[in-house]
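One letter stands for each residue in the lines below.
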Amino acid sequence: MILLLGWVGCAGEGRPAMELATMDGWRQAAVADDPFPDHRKDATECPLGGVLVEGSTIEIDTGICNYVVLEQPLQAPVEAGDEVEIVFWHNDLAALEEAEAHVAFSVDGVLWLDLTVPIPSVAAAYAELITVPQAAAVGAPLVLHLHNHGANTWNVLRLTRQSDAR
């Protein structure tokens, strides 16, 4: 008789998809936590009303809040190699002069997504699938960095660790 020891599972088992952020969990981060401090200009501001929960999204109105760094604790663990989907969008991007918008997501100081969008641009939605470069535990700092010239609106819908069905 041969006895094999080890993990035996059925197809489709594995870790389920998990939300990594709650939209009402975002808070303004300290200036020291900005992953792009050299982007900060003297005239950056984000007063009350520039960031709010809108339905199931976090909405950033760059007419009120031209530069923001938000953070919250990571809601589920990730392992190096996990796939994460980040879903967000912006309305038409307009400004008096050509410029660029910049949005980035990082976890525990590691950049996950870094996107520059030219202004002007038409409205666009993004469902970015990224591969996590290194593991992070529940509670690790999840940071959203956004700056944009002009009165535009950005919304973040979700950050989801994809299932790893085997």
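Here, the structure is the one placed above.
The rules behind these values
- Note on numbering: residues in each chain are counted from 1, in written sequence order.
- Owing to the predicted nature of the model, reporting of local features is limited to residues with pLDDT of at least 70; listing and counting of side-chain atom pairs is limited to 80 or more, with chain, interface and lining totals taken over all residues.
- Heavy atoms throughout the structure, all of them, feed into the side-chain values; hydrogens and water do not.
- Secondary structure elements are defined from DSSP: runs of H or I of at least 4 residues count as helices, runs of E of at least 2 residues count as strands, and each element is numbered from the N terminus.
- Only protein chains enter the accessibility calculation, which uses a 1.4 Å probe; a residue whose area is less than 20% of its type maximum is buried, one above 50% is exposed, and one in between is partly exposed.
- Two strands qualify as a pair provided DSSP detects at least 2 bridges between them.
- Definition used for salt bridges: Asp or Glu carboxyl oxygen within 4 Å of a side-chain nitrogen of Lys or Arg.
- Any pair of cysteine sulfurs within 2.5 Å is marked as a disulfide.

Colleague: What is the right way to look at the environment of valine 53 in this model?
Modeller: Along the chain, the position of valine 53 falls in strand β3 (residues 51-54). Given a relative accessible area of 41%, valine 53 falls into the partly exposed group. Taking C-alpha positions, valine 53 is 6.1 Å from aspartate 24, a pair spaced 29 residues apart along the chain.

Colleague: Just checking my understanding: could you explain the sheet that holds strand β7 (residues 99-107) for this structure?
Modeller: Whenever strands of a sheet pair, they do so through backbone hydrogen bonds, lying parallel or antiparallel. Reading across the sheet, the five strands line up as β2-β5-β10-β7-β8 and stay open at both edges, with antiparallel pairing between neighbours. With one partner strand each, in any of the chains shown, β2 (27-28) and β8 (110-119) form the two edges of the open sheet. Across six bridges, β7 lies against strand β10 (residues 141-147) in antiparallel orientation. Bridge pairing in β10 places valine 103 opposite leucine 146.

Colleague: Can you help me understand the pattern of salt bridges in this one?
Modeller: The full count for this structure, using the stated rule, is four salt bridges. The closest approach of N and O atoms between aspartate 164 and arginine 15, which form a salt bridge, is 3.2 Å. Highlighted residues: aspartate 164 in the segment after β11 (153-161) and arginine 15 in the segment before β1 (18-19), separated in sequence by 149 residues. Across the salt bridge formed by arginine 40 and aspartate 34, the nearest N and O atoms sit 3.4 Å from each other. Under the relative-accessibility criterion, arginine 40 is labelled partly exposed at 29%.

Colleague: Is there a simple way to think about the state of the cysteines in this case?
Modeller: Covalent bonding between the sulfur atoms of two cysteines defines a disulfide. Per the stated rule, a full pass over the model turns up one disulfide. In this model, cysteine 46 is linked to cysteine 65 through a disulfide, with the two sulfur atoms separated by 2.0 Å. What sets the handedness of the cysteine 46 and cysteine 65 disulfide is the S-S torsion sign, and at about -105 degrees it is left-handed. Placement of the pair is cysteine 46 in the loop between β2 and β3 and cysteine 65 in the loop between β4 (57-61) and β5 (67-73), with a sequence separation of 19 residues. Like cysteine 46, the residue cysteine 65 is buried in the burial classification.

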